[in-house]
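Fold and geometry: a report
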Amino acid sequence: MKITELLGAMVQAGMAPSSNDRMKNSLGGGNVLDNLAGMMGGSTRQPGGGGLGDILSGVLGGGKSGGGGIGDLLSNMLGDAGKEIGSNKNIAIGGLGALIGSLLGGGGKSLGGAVGGGLMALLGTLAFNALKGSGQSKPQLPVGLLEPQTDEEQQALEQTSELVLRAMINATKADGEIDQDEINRIVGKFEEIGVDEEGRRYVMNQLRQPMETEELIAAAKGQPELAVQIYAASLLAVEVDTQAEKDYLDQLAAGLGLTPQLTERIQQMIGLQQA
């Protein structure tokens, strides 16, 4: 069982009604992605099959914008994180391609792991840019932004992905217990996507467990990049349209050590407008 596959399945299954729009905003907005799709002729096929992922790999492989067009769009998506990576060829292109393809209506059963990797790359980009913009001059490159090159890096990605998945599930419990109908919907969607029995059982157990806010906060102690990833993932998982959800997110941000200035910046980056 790979946690990145479960994370991708959660994205494909649907989180909050606004989740896709917020992910698009984090990547520069729907118009940017639509323009990207138009440049590619609307291709949203699976990475590795001549579709979006391969085109992203070709454009960013050398770390250059290409002087316009797709390269500039992708550079805008990654922002300061892209500038920091520079000519590094290990950026998680395939995952970003799968996530973008999914947001544009592409993807299928076999894309769960790639989409999960793309979400981690997106959260890594958000964390780096948010911390850089809040005055932290040299944030570390968050886990997920680069493609793992060693077993140790792959393990770190799985561990961070699990914290992100748990944070998303935890956020959905903020306004009360998840009822059995919702559990059945999520698990049923996982089965439709092709998640194996072990993965479905893991997610079902997570959905039924009590909230674990303090455990998540403790796991991110001393790791500001991870703290931002956990908070941003939580914002993607819920609609933030109830007082209970707002109170929970305030509690989470405070526990993670995120300043009001930083939390506001993260919310702006994903396009969240709280009443």
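Residues numbered from 1 in each chain as written. Predicted model: local features only at pLDDT ≥ 70, side-chain atom pairs only at ≥ 80, totals over all residues. Heavy atoms only, no water.

Glancing now at the overall build of the chain. For the chain, the helix and strand inventory stands at 14 helices and zero strands. Going from N to C terminus, the chain has its helices and strands arranged as α-α-α-α-α-α-α-α-α-α-α-α-α-α. Across the chain, every contact between residues at least 6 apart in sequence was considered, and the portion connecting residues at least 24 apart equals 77%. (Helix = DSSP H or I, 4+ residues; strand = E, 2+ residues; numbered from the N terminus. Contact = heavy atoms within 4.5 Å.)

Relative orientation of the contacting elements helix 8 (residues 151–172) and helix 12 (residues 224–237) amounts to 40°, with a least axis distance of 8 Å. The angle between helix 8 and helix 12 falls in the class oblique. When you trace helix 8 past helix 12, the crossing you get is right-handed. The segment helix 8 lies against helix 12, with T160, L163, V164, A167, M168, A171 and T172 engaging L226, Q229, I230, A233, S234 and A237. Class assignment of the residues belonging to the contact of helix 8 with helix 12 gives a composition of nine nonpolar, four polar and no charged. (Axes fitted to C-alpha atoms, helices over the stretch in contact; angles between N-to-C directions. Parallel < 35°, antiparallel > 145°, perpendicular 65-115°, else oblique. Left-handed = near helix turned anticlockwise from the far one by under 90°. Nonpolar A, V, L, I, M, F, W, Y, C, P; charged D, E, K, R; others polar.)

Mapped onto the elements, V203 comes out in helix 10 (residues 197–208). The spatial distance from the C-alpha of V203 to the C-alpha of V187 is 7.7 Å, given a sequence separation of 16 residues. Setting aside its immediate chain neighbours within four residues, V203 contacts L6, I186 and F190.

Turning our attention to the side chain of S234. In this structure, S234 sits in helix 12. S234 sits in the buried class, given a relative accessible area of 0%. Look past the residues within four positions of S234 in its chain and what remains in contact with it is A167, A171, L249 and L252. (Buried < 20%, exposed > 50% of the residue type's maximum accessible area, 1.4 Å probe, protein only.)

Scanning all chains against the criterion turns up four salt bridges. A salt bridge links E182 to R185; the shortest N-O distance between them is 3.2 Å. Of this pair, E182 and R185 both sit in helix 9 (residues 180–193), separated by three residues, roughly a single helical turn. Here E197 ties to R201 by a salt bridge, and the two come within 3.6 Å at their closest N and O atoms. Taken together, the residues E197 and R201, both in helix 10 and four residues apart, mark about one turn of the helix. (Salt bridge = Lys/Arg side-chain N within 4 Å of Asp/Glu carboxyl O.)

Let us look at unusual backbone geometry. With a phi angle near 60°, V240 is a residue other than glycine that sits in the positive phi range. If you trace the backbone, V240 turns up in the loop between helix 12 and helix 13 (243–256).

Before going further, it helps to spend a moment on the environment of R166. With respect to the helices and strands, the residue R166 is situated in helix 8. For the pair R166 and A233, spaced 67 residues apart in the sequence, the C-alpha separation amounts to 9.7 Å.

Taken over all residues, the pLDDT of the chain has a mean of 81, while the share at 70 or more is 77%. Highest mean pLDDT in the chain belongs to helix 11 (residues 213–219) (98); lowest belongs to helix 4 (residues 52–60) (49). Every residue in residues 43–50 scores below 50 in pLDDT, and together they form 21 contacts with partners more than four places removed in sequence or on other chains. Below a pLDDT of 50 lies the segment residues 57–69, which in the model reaches 19 contacts outside its immediate sequence neighbourhood of four places, other chains included. (pLDDT = per-residue confidence, 0-100.)

Inspection of the secondary structure assignment puts S26 in helix 2 (residues 19–26). With a relative accessible area of 10%, S26 lands in the buried category. It is 9.0 Å that separates the C-alpha atoms of S26 and Q268, two residues lying 242 residues apart in sequence. In terms of polar contacts, S26 uses its side chain to reach the backbone carbonyl oxygen of R22, at 2.9 Å. (Polar contact = N/O pair within 3.5 Å; in protein donor to acceptor, adjacent residues only side chain to side chain.)

Take helix 2 next. For helix 2, the complete set of buried residues consists of S19, R22, M23, K24 and S26. Just past helix 2, the residue G28 takes up positive phi, approximately 110°.

For the rest of this paragraph, the subject is the packing of helix 1 (residues 3–13) against helix 9. Put simply, helix 1 and helix 9 touch, their axes get as near as 9 Å, and they point 110° apart. With respect to helix 9, the axis of helix 1 lies roughly perpendicular. Judged by residue contacts, L6, A9, M10, Q12 and A13 of helix 1 engage R185, K189, F190 and I193 from helix 9.

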